[in-house]
Each structure stands twice: as structure tokens, then as C-alpha cells.
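Commentary on secondary and tertiary structure
So you can see what is in the structure, the chains are spelled out below.
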Amino acid sequence: MFEQYDIIVVGAGHAGAEAAAAAANLGSKVLLITMNLQRIAQMSCNPAMGGVAKGQIVREIDALGGYSGIVSDKTMIQFRMLNKSKGPAMWSPRTQNDRVQFAIEWRNMLEKTPNLDFWQDTVTNIITKENKVVGVETQLGQKIYATSVILTNGTFLNGKIHIGKNSYGGGRIGDQSSFGLTEQLRQLGFKSDRLKTGTPVRVDGRTIDFSKMEEQVGDEEPEGFSFLKQNRLTKQRSCWITYTSPIVHDELRLGFNDSPMFAGRIEGTGPRYCPSIEDKIERFSEKTRHQLFVEPEGWETIEYYVNGFSSSLPDHIQLSALHKVPGFENAKIFIPGYAIEYDYFPPTQLGYSLETKLISNLYFAGQINGTTGYEEAAAQGLMAGINAHLKIVNKNPFILKRHEAYIGVLIDDLITKGVDEPYRMFTSRAEYRILLRQDNADVRLTPMGYEIGLASKERFDRVIKKKKAIDAIIKFTKKQSIGPDEANSLLEKKNTSPLRQKTKISDVLLRPQISINELISASTNFREIIDSNKYTKEELSAAEILIKYDGYIEKEKELVSKLSKLEDIPLKTDFDYHSLKSLSTEAREKLTLIKPTTIGQASRISGISPSDISVIAVFIGR
């Protein structure tokens, strides 16, 4: 009953949705198979997108032509630009979203995507022939054939939910696990392991006393993720902040004997950077309180998400401890917190295109690779979808380097270093983060997305216009001067030394106390130029960043240029490292396992020393 497909995407979470959309929009005939069509792109954990480093990833997905930014903007109920008190490399957009509308909007966009079919079922096996995937087999007994298969199974592979002493199979609360696929992949030679993640209680907002909490409002001028700017908020919902206390911690400790984590019933490693509340009070016993963010689940619902209170303790302990948190004294809960344990496949078994090394045309994306977070999953899905299509049409894979995108950092980290705990992106993981700002994701990536056929002509034209405007603004500030009569009242107000003579506007902008908008207000000539050319707030902000941080940006570009000479020296994937006796034993083992494609990738493998790299470089004549 099924035709031959180009690509089958298994799983319709954030990774699967982006993979299916990308491949279909590029022209491949795609089938998206999911266990529940009502749960496409479900926000299984917190109802939010973006945040520190994650917001940069969503902007990059949007710049390439993905859907996550558009869907987030259409369903956001609050927008905040985080870290505005720090440098622009740290600025990170974040939206609070309507959980229900988010999934509905994703499904609407997918249903409007040409070349994309849907099927509700559970994939139990992949069909292979001569080390190449040729299709899948489902629980209903269907054999469906395709040139490529992308697995985006999330937390569903042998998923197990834990609440106190109770445990049962599930991919998330209310959904069944997927069985059989892990076992088959192991038989094919893949290695798998277990990880753990968790989620907190959902609370009835009618029973919360918000007067005892700190209100956290959205930005006065809310932006969004998508560079298409199709949606901007005119009203927003507030989040709230409250804190635990020693009394709360003592109450939680009463359930430690029944904790599946402390009792050893959970085998998988949990996320270090998003630990459960019981893990926090155990590991950071010196801290007397922990911050909790109380987040609305949507525009109309009374349901609230307690960010920071993830737990797998018995439900009565969760509730009794919550009742001792200010504002939650009379709280009623809809759903208890729980931990979920699931199978993943160490991503060192993948190449840069996210194709597996063992089975040709088989791709892994999302939490199956050991990552955590919607954004990391969506980015992998996008790249897997692109690369599966490109291979089918006999084109080179689309690979982003570490200096080009956070997505490049993400994939390089995964396939080179592997994971031993759920991987989460941070700005500190990117050595070139001043180049990888959220404001310039379109300038960096949209031309690439347009070239491969995913980003639209509209997006490309917007980038050309934006670059021209930025260049014109910078050129004007370097050419035009501002005098003491115009600038000094502003400079004195900002507690910075006054001008004694006319000075180039760009030089005055180098002062950290002074913004471009303030100089526009001070200089009549500058203001007339801006008004006559109708430069946007975005264009002015981008120009200001490039002026203020020009020295740092150029230094980073020089560093990229120097390191790229090492980065791009190719290595054969079938090279016999055991023949190089000068390499350390660990280096020979790691290099043989990971099979790096360049010396740069080899240098980033954990356990590979500079002397090991020198040995390889000398051997290949470099």
C-alpha cells in the first residue's frame, strides 16, 4: 500500500519534524512515521524555546530555512533577550510558548509542506541489504521502502518512567515506549547505552499565590527568532520566580530512600546541567535555596510548569515539599514530576553528515545521539534531512564548521568527543562565539541555505539588503564626525570624558557607555541620514556591534584562518593507526574508533595529545 520513498523519517519530535520538512522542501519524497500524529513536535518538557546558546541555534535553523523559529514566533506568549548586560556574543533569545498551539502550528506547517506523507505506527526494524538501509518494518506488519532512513526516536527506545518506587514503560508520560529497534541495531553492530532525563510537576495556577513570588515580565520591545519577522507580540504573559529553602530540602530528603536515582534503579546518566531537585540538594548541600521559575503553559490554560523542580521522588513527597515553597502552600498538581530512562547510541558512530558509519544511508538525529533539548534535536534533524537529500541527488554533504555555526560546534562535539551524559549546548563550547552571534545568523548561513535550495529567495534578498544597510551605516560613522557642541552633553551625562574637537562617530561609539541610538539623537546629520534611508533597529544594532567589537572580531577571524590550515588537512578514514607505534595506545584506540576525517577533528578527540597530532602530521608529510 506504500510507494517507494526517498526518505523515511522515524519519529516526529523536534528532530523528526525538522528533518522531514527540510528533506521534503528540498524535493525528496518523504514519509514521516510517528506513534501518535497528535503529538507532532510535542513540548515534552518545558514550554519554551531558546535560551543561552540554544537561542542562537534556533536563529541558525531559521536562517537556513528550517521551521523552528517561525513556529516559536507564532506561538510565543513571552519574549526575552537573555544576557543583555553582557557582550553581544552572549545575547540569547528565548520565547515562552503556548504548548498546545506550538504542536498544532508545527503540524499545520508540515501538512502544508509538499512531498510529505504521514503514517501513524511504530517502527520495530530497519530493513538492510548489503550494509545499506532500504526501508523499515512496523508494528502493524508494514514493510515500507526508501533510499534513506532517519531515526529520531527521542526518549522512546526502551523508555522507562520512574516515580518513586513505581516504574513502567513509556516514552513520556501518557505515551508508550518503542521496543525492538535497539536490539536489532545492536545485532547490526551498533553500540548503545542508557541516559536519563526528567521533568517537574505541572501545577494548577488557580492554587498558586503569585503575590509571594517575583514577577518576570517579557521585554518591552519583544523580538522573535525568525528573520522573516512575521509575528511580534503586542501582549505577553509573565513568568514568576520563587525559591526553595532548607525546610523544602528537608521535606524532599524524606523521600530519598524511595528515590529511584539514589536506590540505583536508574542505570542511565542524568544531565549535569539540568539536574533533578533531589540531585541538586545532594550535590550542592551547602546551598540553602534554589531558584524556581514558574512558567505559564499557554495563553488560556491555568496549567503552570515549575522549572527547576524536576523530580522522580514519590508523588506525595513532591507535593508535600512543593507546599513548603512560597506561593505553593495550597498548590494542586495536574501531573507529578518523573524521570525517564532511555536508550541512545553514542554519536561517535556517525560522520559529519549524521550518517552512520556502519549502515549506508541510515541517519541518527536528536536524543538518540545523546543530546538534550528541543533546539539541539531540531538542529540535528535539519542537518540530517538536508544531507539525506543531498546524498540521494549525488551532491556533497552540507557540513557546517565550528567557526560557521553553533550547529557546527554541536555536531563536531558529538561525533568527535562523544557523550557520557546528555549533551547541552553552552556559549562556552564555542571557541569562536564572537563570530557566532544570534544577530548575524542570517548573514552567516542564509546564503548557504539558499545555495542548497532550502532558504527562500525572500530570505536571501533580506540578507543582501541588511548587509548593504550595515555597510552603509558603518561607512558613514567612519567618515562623518561629531563635534563637542553636539556630543558633550550626552558624554557628560554618561560619565565619560567630553570631546575637545570633532571626532569620528565610529570612534565615539567605541566607548562602552555610548549607544548608536544616543548618538543618532545627539547628531542632527546622523539622524537625517538614518531617517532618510529608513534603517531598521536590527540594522542599526548589527552595525553598532561590528563597530564596537571590530578588534575582537578581526582577531577571531585571524585565529580561524590559522587553525583552518590544520583543520582541513584530510585523513583517510581507513588509515591504520595501529601501524604508527609512536602514537600512544589510547590515541591508536580512539583514532581507530572515531576515524577522523581531518587532523583538526583528530586534535579535538578526548585523549589525543599534541604529540600524537605531531606524529600524524610528520607521517603524512606535513
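Use the structure listed above.
Notes on the structure follow. (Residues numbered from 1 in each chain as written. Predicted model: local features only at pLDDT ≥ 70, side-chain atom pairs only at ≥ 80, totals over all residues. Heavy atoms only, no water.)

Time to look at the overall build of the chain. If you tally the helices and strands in the chain, you get 21 helices and 21 strands. In terms of C-alpha radius of gyration, the chain reaches 26 Å, essentially the compact-globule figure of 25 Å for 622 residues. By its C-alpha atoms, the chain is 80 × 70 × 55 Å across when sized along the principal axes. Split into buried and exposed, the 622 residues of the chain put 58% on the buried side. If you take every contact in the chain between residues at least 6 apart in sequence, the share linking residues at least 24 apart comes to 72%. For the chain, the exposed surface amounts to about 26,300 Å²; the carbon and sulfur share of it is 49%. Looking at charge distribution, the chain has the averaged site of its 80 positive side-chain charges lying 3 Å from that of its 76 negative ones. (Helix = DSSP H or I, 4+ residues; strand = E, 2+ residues; numbered from the N terminus. Rg over C-alpha atoms; globule rule 2.2 N^0.38 Å. Buried < 20%, exposed > 50% of the residue type's maximum accessible area, 1.4 Å probe, protein only. Contact = heavy atoms within 4.5 Å. Areas by Shrake-Rupley, 256 points an atom, 1.4 Å probe, with all protein chains shown as cover. Lys, Arg positive; Asp, Glu negative; His and termini not counted. Charge placed at Lys NZ, Arg CZ, Asp CG, Glu CD.)

Moving on, we get to the packing of aromatic side chains. The description of two aromatic rings rests on the distance between their centres and on the angle between their planes. A complete count under the given rule lists twelve aromatic pairs for this structure. A centroid spacing of 4.9 Å and a plane angle of 85° characterise the contact between Phe2 and Trp119, whose relative ring orientation is edge-to-face. Linking Phe2 in the segment before β1 (5-10) with Trp119 in strand β6 (residues 116-120), this pair joins segments that are 117 residues apart in sequence. When its relative accessible area of 23% is taken as the criterion, Phe2 is described as partly exposed. (Phe/Tyr/Trp six-rings, centres within 6.5 Å; stacked < 30°, edge-to-face > 60°.)

What follows concerns the nonpolar core. Taken as a class, soluble globular proteins show a tendency for nonpolar side chains to be buried jointly. Ile8, Leu151, Leu362 and Ile407 are the most contacted members of the largest nonpolar core, which has 102 residues in total. Looking at which element gives the most residues to this core, the answer is helix α9 (residues 374-392), with ten residues. Among residues more than four places away in sequence, those in contact with Ile8 are Leu31, Ile33, Val136, Ile144, Tyr145, Ala146, Ser148, Val149 and Ile150. Judged by nonpolar contacts, the second largest core, of 24 residues, contains Ile473, Phe476, Ala487 and Leu490. (Core = buried A, V, L, I, M, F, W, Y, C linked by side-chain atoms within 4.5 Å.)

On to the side chain of Ser92, then. Tracing the backbone shows Ser92 in strand β5 (residues 92-97). In this structure Ser92 comes out as buried when scored by relative accessible area, which is 0%. For Ser92, the side chain forms a polar contact with the main-chain nitrogen of Ala53, separated by 3.4 Å. Here the side chain of Ser92 touches Met90 through a polar contact of 3.0 Å, landing on its backbone oxygen. In this structure, Ser92 is in contact with Gly51, Val52, Ala53, Gln56, Arg80, Met81, Leu82 and Asn83, ignoring residues within four places of it in sequence. (Polar contact = N/O pair within 3.5 Å; in protein donor to acceptor, adjacent residues only side chain to side chain.)

The strand order across the open sheet formed by three strands is β3-β5-β4, and the pairing between neighbours is antiparallel. Each of the sheet's edge strands pairs with one partner strand only, and the pair in question is β3 (48-50) and β4 (76-82). On average, adjacent strands in this sheet sit at an angle of 15° to one another, irrespective of strand direction. Of the pairings in the sheet, the one linking β4 to β5 comprises six bridges and is antiparallel in character. Directly across from Phe79, in β5, lies its bridge partner Thr95. (Pairing = 2+ DSSP bridges. Axes fitted to C-alpha atoms, helices over the stretch in contact; angles between N-to-C directions.)

On to the layout of surface pockets. Estimates place the volume of the second largest pocket at around 890 Å³. Lining the second largest pocket are 35 residues, with Lys84, Trp91, Glu223, Lys537 and Ser541 sitting closest to its centre. It is helix α17 (residues 537-548) that contributes the most residues to the lining of the second largest pocket, eight residues altogether. Partitioned by chemical class, the residues of the lining of the second largest pocket number 13 nonpolar, eight polar and 14 charged. (1 Å grid on protein atoms, 1.4 Å probe; cavity = no way out; pocket = protein on both sides within 12 Å on 5 of 7 lines; lining within 4 Å. Points joined across faces, edges and corners; volume = space filled by probe spheres on them. Nonpolar A, V, L, I, M, F, W, Y, C, P; charged D, E, K, R; others polar.)

A word on the pairing of strand β10 (residues 160-163). In terms of strand pairing, β10 meets strand β18 (residues 338-344) through three bridges, oriented antiparallel. For Ile161, the partnering residue across the bridge sits in β18 and is Ile340. The loop that links β10 with its antiparallel partner strand β11 (residues 166-169) comprises two residues; one of these, Gly164, has a positive phi angle of about 60°.

With that out of the way, let us pick up the pattern of salt bridges. Inspection of every chain in the model, using the stated rule, returns 37 salt bridges. A network of salt bridges, in which partner residues are shared, links Arg402, Asp412, Asp413, Lys417, Glu431 and Arg604. (Salt bridge = Lys/Arg side-chain N within 4 Å of Asp/Glu carboxyl O.)

Take empty space enclosed by the protein next. Per the stated rule, a full pass over the model turns up one cavity of 30 Å³ or more. Counted as a void, the largest cavity has a volume near 50 Å³. For the lining of the largest cavity, the leading source of residues is helix α10 (residues 406-417), giving three residues. For the lining of the largest cavity, the per-class residue count stands at seven nonpolar, one polar and no charged.

Right, let's get into helix α3 (residues 68-75). Because each turn of an α-helix spans 3.6 residues, side chains separated by three or four positions end up pointing in the same direction. Judged by how many residues are buried, α3 sits mostly within the fold: seven of eight residues are covered. Along α3, the positions that sit buried rather than exposed are Ser68, Gly69, Ile70, Val71, Ser72, Asp73 and Thr75.

Glancing now at the packing of helix α6 (residues 246-253) against helix α8 (residues 315-322). Between α6 and α8, whose axes approach to 9 Å, the crossing angle comes to 170°. When the axes of α6 and α8 are compared, the pair comes out roughly antiparallel. Across from Val248, Glu251 and Leu252 in α6, the residues of α8 making contact are Ile317, Ser320 and Ala321. In terms of residue class, the contact of α6 with α8 is made up of four nonpolar, one polar and one charged. (Parallel < 35°, antiparallel > 145°, perpendicular 65-115°, else oblique.)

On to the environment of Glu251. The topology assignment puts Glu251 in helix α6. Judged by its relative accessible area of 17%, Glu251 falls in the buried class. Residues Glu251 and Ile77, 174 residues apart in the sequence, show an inter-C-alpha distance of 34 Å. With residues near it in sequence (within four places) discarded, Glu251 still touches Ile317, Ser320, Ala321 and Lys324. Within polar-contact distance, the side chain of Glu251 engages the side chain of Ser320 at 3.0 Å.

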